[in-house]
Every structure is written in C-alpha cells, then in structure tokens.
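Letter by letter, the chains look like this.
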Amino acid sequence: MEWLVGPFEVVFVQRALWGGVLVSLICALAGTWLVLRGMAFLGDAMSHGMLPGIALASLVGGNLLIGAALSAVVMAAGVTAIGRSPRLSQDTSIGLLFVGMLSLGVIIVSRSQSFAVDLTGFLFGDVLAVRQDEIVLLGAALVFALVVSVLGYRPFVALTFDERKARTLGLRPKTAHAALLGLLTLAIVASFHIVGTLLVFGLLIAPPATMLPWARRIPVIMVGAALFGSAAVFLGLLVSWHAGTAAGATISAVAVLQFLLSHLAAGCVNGTPRPSRPVSTLMARPGPRTDEVPS
C-alpha cells in the first residue's frame, strides 16, 4: 500500500495530481468533439501552433500563458479563414499553418541563449512543477469549458453529425465551429505547461477514443474520457515516481496504452471495435435520441 500512496504524500506530487486531473477534465470536453468529428490532426496542429507566441513571450520576458493564448487564437483564426477557400481542403490549410507556425516558433526560440531548454520545456512540460495558483487557473478554465459545453451542446451535436441540416435548423454551424475552436484553444493553452504541447495531444485524443467502443451517448463518452484521463494521470505519476521516468511523457504513454487495451478488449467482446469516426444523419429533433453515436 505504501508503494501506491507513498508518492502522493509529497506536496509537489499532490499538486501535479490535481493539475493533471483538471487538465484531463478539460481535455475530455474538447477532445470528445475532436474524436467524433475526425479532427485529430487539427488538435495536433493547434497544440504546436502555440510555439511562436510562447517563444516570443519567453524571449521578451512576458507571460507564457498570454503568449500561448494569442498564438493559438491566431492559429484558430487562420484555420477558419484559409479553410473557407473552395480550392483548399481543410487538411491542406491546417497542414500549411501547422508547418508555418512551428517554423516561425523555432526561428524565434533559436534566438534565445537557452534554445534547448526552452524547446524541451515547451514540448514536454513539467507536471511536477505545477503551482497552487496554476491549479486555481485550471479550475476556472474547467468551469468556463463546462459552460461552453453545456450552452453549445445542441449546436455541437448538430455540427458533428449533419452540418447541412444544422444550417437548415438555424443552429449556425459556423458559429458552433468557432466555439469549438475556442474550446480546443482553451484546453491546449491550459494544458501545455502540465504535459507540454507534444504530449497534450495524448490527453485530448486518447481518453475519448478509449471510451468510444463502450458508449453510444456523447455525455457518457465525455464522462468516461474524464475518468480514463484522470486514471492515466494517477498511474502515470505513480509509474514515473518509481521508475524515474519523465512524468508528462509517462502520463501520455499510459493514456495511449489504455486506448490500445480498450480497443483490443472491444475486439474480443464484439468481434470488431466500433469505428472511431461516426457517420450519422441523426439530428436534434423530437423522436429518438440525437446524441447517440451509431454502432
């Protein structure tokens, strides 16, 4: 029992656990929609698109969170603007912005005398260095993410399953898409200091994808993703403490392992796992439930 609870008697590990759990809850809300819409690449691009803002803030001695937020907003606006071009697919526009923002960030960071340290901290974070004030900020971010998720739930469902019908019903799919980008930006900005931009992608995608074979309703997927994400944080910190491995990377590795085990188990139970990207023409209207993911 000491092996299990001993590490969490240390104050900085307790803060890391609280911070990681809060990040998992925020990522569960945003990541579920990314998985259901098949937009994992967008999450990866957004997480790396923050590098210029963080690098510039670090170079001038500014606030890293503000730099990350501004850079993420620019990235989201760029994806929205370029994505409207009829000659470019969404993947193409995201890929171009991804490479451009990442290159700009590396150029800025290379001007710093501590290039390697800055870039490592950005990519991998430092979950064991979470401060009390950062936990408070994460709590506020979680409340805001919950409000956005509740108020935008019906338009988000409509946008996920049938954008044309959402437009017909007056649910403003473009506004809903912008709100989803905002929710994703919030999750990434709030999380990058905990596990880094390279690893936050694991908490955004792996827990919802882990839950997907076992649930059909979107709220159930979100709750399951939050539980799987929190478990990954706990187990990752535990393994990291005893094995002497990097905490953030271990957390993400546990999250990906959960995904693999979940889909292997689903394959054994059901014959074949449920597809990770749902295709449905269901809409929010009276009758059968509209927030179910089809088998």
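Rules and cut-offs
Residues numbered from 1 in each chain as written. Predicted model: local features only at pLDDT ≥ 70, side-chain atom pairs only at ≥ 80, totals over all residues. Heavy atoms only, no water. Buried < 20%, exposed > 50% of the residue type's maximum accessible area, 1.4 Å probe, protein only. Helix = DSSP H or I, 4+ residues; strand = E, 2+ residues; numbered from the N terminus. pLDDT = per-residue confidence, 0-100. Contact = heavy atoms within 4.5 Å. Core = buried A, V, L, I, M, F, W, Y, C linked by side-chain atoms within 4.5 Å. Axes fitted to C-alpha atoms, helices over the stretch in contact; angles between N-to-C directions. Parallel < 35°, antiparallel > 145°, perpendicular 65-115°, else oblique. Left-handed = near helix turned anticlockwise from the far one by under 90°. Nonpolar A, V, L, I, M, F, W, Y, C, P; charged D, E, K, R; others polar. Polar contact = N/O pair within 3.5 Å; in protein donor to acceptor, adjacent residues only side chain to side chain. Phe/Tyr/Trp six-rings, centres within 6.5 Å; stacked < 30°, edge-to-face > 60°. Salt bridge = Lys/Arg side-chain N within 4 Å of Asp/Glu carboxyl O. Patch = residues over 30% accessible without salt bridge, like charges linked within 9 Å, V, L, I, M, F, W, Y side chains within 5 Å. Areas by Shrake-Rupley, 256 points an atom, 1.4 Å probe, with all protein chains shown as cover.

K.L.:
Would you mind showing me how to read helix 4 (residues 51-60) here?
P.N.:
An α-helical turn contains 3.6 residues, so a residue and the one three or four places further along point in the same direction. Within the span of helix 4, buried status applies to L51, P52, G53, I54, A55 and A57. Taken from the residues just after helix 4, G61 is the one with a positive phi, measuring 80°.

K.L.:
Honestly, the confidence of the model for the chain in this entry has me stumped. Any pointers?
P.N.:
Per-residue confidence for the chain gives a mean pLDDT of 80, with 83% of residues at or over 70. Averaged pLDDT values for the elements of the chain fall to 60 in helix 7 (residues 115-124) and rise to 93 in helix 13 (residues 218-243). Note that residues 275-288 has pLDDT below 50 and, in this model, 30 contacts with residues that lie over four places away or in other chains.

K.L.:
Help me understand the nonpolar core in this model?
P.N.:
One finds I26, W33, L42, M50, M75, L204 and L237 to be the most contacted residues of the largest nonpolar core, which totals 72 residues. Leave out the neighbours within four places in its chain, and W33 touches Y153, F156, V157, T160, L180, L183, I218 and M222.

K.L.:
Just to check I follow, could you spell out the packing of helix 8 (residues 132-151) against helix 11 (residues 173-195) for this structure?
P.N.:
Angle between the axes and distance between the axes: these two values describe a pair of packed helices. Between helix 8 and helix 11, the shortest axis-to-axis distance is 10 Å and the interhelical angle comes to 160°. The angle between helix 8 and helix 11 places the two elements in the roughly antiparallel class. For the pair helix 8 and helix 11, the sense of crossing is left-handed. On helix 11, the residues that touch E134, L138, A141, F144, A145, V148 and S149 of helix 8 are L183, L186, A190, H193 and I194. Taken together, the residues of the contact of helix 8 with helix 11 sort by class into 9 nonpolar, 2 polar and 1 charged.

K.L.:
Sorry, what's going on with the side chain of T210 here?
P.N.:
In this fold, T210 is placed in helix 12 (residues 197-211). There is a polar contact of 3.3 Å between the side chain of T210 and the backbone nitrogen of F259. In contact with T210, other than residues within four places in its own chain, are F228, A255, Q258, F259 and S262.

K.L.:
Explain the environment of M222 here, please?
P.N.:
Structurally, M222 can be placed in helix 13. According to the relative accessible area criterion, M222 is buried, its value standing at 11%. Considering only alpha carbons, one finds M222 and A30, 192 residues apart in sequence, at a separation of 8.9 Å. If sequence neighbours within four positions are ignored, M222 has contacts with A28, L29, T32 and W33.

K.L.:
What exactly am I supposed to notice about the packing of aromatic side chains here?
P.N.:
What describes a pair of aromatic rings is the distance from one ring centre to the other and the angle between the planes of the rings. Summed over the entire model, instances satisfying the criterion amount to 4 aromatic pairs. With centroids separated by 5.5 Å and ring planes inclined at 70°, the aromatic side chains of W33 and F156 adopt a geometry described as edge-to-face. In this pair, W33 is assigned in helix 2 (residues 11-37) and F156 in helix 9 (residues 153-161), connecting sequence segments 123 residues apart. Accessibility classification places W33 together with F156 in one group, the buried group.

K.L.:
When you look at the packing of helix 2 against helix 11 in this model, what are you seeing that I'm missing?
P.N.:
For the pair helix 2 and helix 11, the least separation of the axes is 9 Å and the interaxial angle reads 145°. Between helix 2 and helix 11 lies a crossing whose hand is left-handed. Listed contacts from helix 11 to G20, V23, I26, C27, L29, A30, W33, L34 and R37 of helix 2 are H177, L180, L183, L184, A187, A190, S191 and I194. Each residue belonging to the contact of helix 2 with helix 11 can be placed in one class, and the counts come to 13 nonpolar, 3 polar and 1 charged.

K.L.:
I would appreciate a short explanation of the pattern of salt bridges in the present structure.
P.N.:
This model, assessed by the stated rule, comprises 2 salt bridges. Residue D133 pairs with R131 through a salt bridge whose shortest N-O separation is 3.2 Å. R131 gets classed as partly exposed once you look at its relative accessible area, which sits at 44%. For E134, the salt bridge is made with R131, and the minimal N-O distance between the two is 3.6 Å. Judged by relative accessible area, which is 14%, E134 ranks as buried. Several salt bridges share partner residues, and in doing so they unite R131, D133 and E134 into one network.

K.L.:
Got a minute to help me understand a nonpolar patch on the surface in this structure?
P.N.:
On the surface, V256, L257, L260, L261 and L264 cluster together to form a nonpolar patch covering roughly 470 Å² of accessible area. Position of L261 among the secondary structure elements: in helix 14 (residues 247-270).

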